[in-house]
Amino acid sequence: MASPSLVSEVAYFKYVLGTPLYRQKNFWKNQGLDLSDKSMGNWMITCAQMVRPIYDLLHEKLTSQKLLQGDETPYQVLQEPGKKATSKSYIWLARTIGRAENQIVYYHYADSRAGKVAQQLYSGFEGVLQCDGYYGYNAISDSVEHVGCWAHVRRKFYDDANLDKDHFKPSIGLELINRMMKLERKWQTSSSTDRFEARQKFLKPMINKFWQWCDRVNVLPKTRLGKAISYAQGQRAALNRVLLYGEIDFTNNASERNMKSYVIGRKNWLFSTSPKGAEANAIWMSLIQTAKANRVNVREYIEFLLDKVSQLPTFVKDTELEAYLPWNYLKSRELTPRS
């Protein structure tokens, strides 16, 4: 048995501070508690299922949006049915755009990177998704419009320019992308309408110059520059769509920053023993990163959920769960759930 305050501290140490459970044992022993990492792991899994209704509601709110960003990263699960311990599983990420009224960061564990996972994750979503050029997202192209990420394109041109570590040699393509990003920084805080108009006036001509250069330049296809150009040209239609929406960013960096938070945790946790553990990680990280994105005190929010959601009836309506979403947290802290 564990109190909400104790479990929230264990979760905070693991998912916010990146301290794996086996390294927490000595800390808790110094506090007078002889806890095993197995017990703490069971708490994380059991309590993740307890707060899962909030996680599921976040997904419902997410897929009702019109503009989203997405990403995915490998993850290792040791005891996954039908797979070797060394095989790759994946954590998928979907999030609202930075200009959304309520921020949602949603992690999803899956045993593969196949397009069927994208179909599951974005089920019910009909809108615009900004992501990289990974072909798995083509599985949802019927209901979702794909907008490309210029940061992914820039990285490939940067790698070419940095081929000789002692002599950085940017191509015209990289210089044009850098100029585009410099313009975008000027419009970062502009309204969506103003940013749309600025893109039409200043960004569109520069994008046209970039494509003209890509089409004309004579370069071997297997060189770094050739591969960078090929990647960009393969994404041309998706990259150009950034001109259509003033709300959406020039890059997918917001989702990559959220994924980096998971990757930092992964470096400390290393792996999950079971799919249940990987799923629990996705649930906790979703709730925590969404709380952070909405400027909610994470430690207090976790304890609030563990204390209050545990008292809700088994079949609770979404309308009753609304009060437990991070952006409603401050005004519902004193909420007493119905028994």
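What counts, and where the lines are drawn
- All chains use their own residue numbering, which begins from 1 and follows the written sequence.
- In view of the model being predicted, local features appear only for residues whose pLDDT reaches at least 70, and side-chain atom pairs are presented and counted only at 80 or more, with totals across whole chains, interfaces and linings using the full set of residues.
- The side-chain numbers reported here are obtained from all heavy atoms of the structure, hydrogens and water having been left aside.
- Working definition: helices are DSSP H or I runs of at least four residues, strands are E runs of at least two. Numbering for both runs from the N terminus.
- Should any heavy atoms of two residues lie within 4.5 Å, those residues are considered in contact.
- Take the buried residues of types Ala, Val, Leu, Ile, Met, Phe, Trp, Tyr and Cys, join any two whose side-chain atoms come within 4.5 Å, and each joined set is a nonpolar core.
- Each residue is placed in one exposure class: buried if its accessible area under a 1.4 Å probe, protein chains only, is under 20% of its type's maximum, exposed if it is over 50%, and partly exposed if it falls in between.
- Multiplying 1.5 Å by the helix residue count minus one yields the expected span of that helix.
- Whether two aromatic rings pair depends on their centres lying within 6.5 Å, for rings of Phe, Tyr and Trp, where Trp uses its six-membered ring; planes under 30 degrees apart make the pair stacked, over 60 edge-to-face, and the rest tilted.
- Two thresholds decide whether a charge sits over a ring: the Lys NZ or Arg CZ must be within 6 Å of the ring centre and within 35 degrees of the ring normal.
- Like charges within 9 Å and nonpolar side chains (Val, Leu, Ile, Met, Phe, Trp, Tyr) within 5 Å are joined into patches, using only residues over 30% in relative accessible area that form no salt bridge.
- The protein chains shown are the only cover counted for residues, whose accessible areas, like all others here, come from Shrake-Rupley with a 1.4 Å probe.
- The salt bridge definition used is simple: a Lys or Arg side-chain nitrogen within 4 Å of an Asp or Glu carboxyl oxygen.
- Charge assignment in this entry is limited to Lys and Arg as positive and Asp and Glu as negative, and neither His nor the chain termini are counted.
- Taken as the charge location is NZ of Lys, CZ of Arg, CG of Asp or CD of Glu.

Asker: Explain the environment of Asn 258 to me, and be specific about the residues and the numbers.
Answerer: Along the polypeptide, Asn 258 turns up in helix α11 (residues 253-269). Separated by 27 residues in sequence, Asn 258 and Met 285 place their C-alpha atoms 9.6 Å apart. With near-sequence residues (within four places) excluded, Asn 258 lies in contact with Leu 93, Arg 95, Val 105, Tyr 107 and Gln 289.

Asker: How would you summarise the nonpolar core if you had to cite specific residues and measurements?
Answerer: Counting residues in each nonpolar core, the largest one holds 71 residues, and the members touching the most others are Met 44, Ile 54, Trp 92, Tyr 122, Leu 129, Trp 284 and Leu 305. Of all the elements, helix α12 (residues 275-293) adds the most residues to this core, at 9 residues. Within the second largest apolar cluster, 36 residues are counted, among which are Ile 177, Ile 207, Cys 214 and Leu 225.

Asker: Go over helix α3 (residues 37-50) with me, naming the residues and quoting the values.
Answerer: Counted at 1.5 Å a residue, the expected span for α3 with its 14 residues is 20 Å, and the 20 Å between its end C-alpha atoms agrees. Buried residues along α3 sit against α1 (4-15), α2 (21-30), α4 (52-63), α12 and α13 (298-308).

Asker: Talk me through the packing of aromatic side chains; I want residue IDs and the actual numbers.
Answerer: For the structure shown, the criterion picks out 21 aromatic pairs. Considering the side-chain rings of Tyr 55 and Tyr 106, the 4.6 Å spacing of their centres and the 20° angle between planes classify their relative orientation as stacked. Residue Tyr 55 is found in helix α4, and its partner Tyr 106 is found in strand β3 (residues 105-110); the two are separated by 51 residues along the sequence. Tyr 55 sits in the buried class, given a relative accessible area of 2%. Relative to Phe 210, the ring of Phe 157 has its centre 5.7 Å away and its plane inclined at 70°; by these criteria the two rings are edge-to-face. Placement of the pair is Phe 157 in helix α6 (residues 150-161) and Phe 210 in helix α8 (residues 192-216), with a sequence separation of 53 residues. In terms of burial, Phe 157 and Phe 210 fall into one category: buried. Of the aromatic side chains, those joined through ring pairs into one cluster are Trp 150, Phe 157, Phe 210, Trp 211, Trp 213 and Phe 250. One residue, Arg 113, lies across the ring of Tyr 134, its end atom 3.7 Å from the ring centre. Stacked on the ring of Tyr 12, the Lys or Arg Arg 299 has its end atom at 3.9 Å from the ring centre.

Asker: I'd like a rundown of a positive patch on the surface, residues and numbers included.
Answerer: Judged by side-chain charge, Lys 165, Lys 222, Arg 224 and Lys 227 come together as a positively charged surface patch. Topologically, Arg 224 is positioned in helix α9 (residues 224-234).

Asker: Describe the side chain of Thr 19, with residues and values.
Answerer: By secondary structure assignment, the location of Thr 19 is in the loop between α1 and α2. A relative accessible area of 17% places Thr 19 in the buried class. For Thr 19, the contacting residues outside a window of four places in its chain are Phe 13, Lys 14 and Gln 24.

Asker: How would you summarise the pattern of salt bridges if you had to cite specific residues and measurements?
Answerer: All told, the structure shown has 11 salt bridges when counted by the stated rule. Residues Arg 299 and Glu 9 are paired through a salt bridge, measuring 2.5 Å at the closest nitrogen-oxygen approach. You can see Arg 299 sitting in helix α13 and its partner Glu 9 sitting in helix α1, a full 290 residues away along the chain. Given a relative accessible area of 32%, Arg 299 falls into the partly exposed group. Among the ionic pairs, Glu 256 bridges to Arg 155, the shortest N-O distance being 2.4 Å. Note that Glu 256 is positioned in helix α11 and Arg 155 in helix α6, a separation of 101 residues in sequence. Exposure remark for Arg 155: the relative accessible area of 35% places this residue in the partly exposed category. Connected through salt bridges with shared partners, the residues Arg 52, Asp 56 and Glu 279 form a single ionic network.

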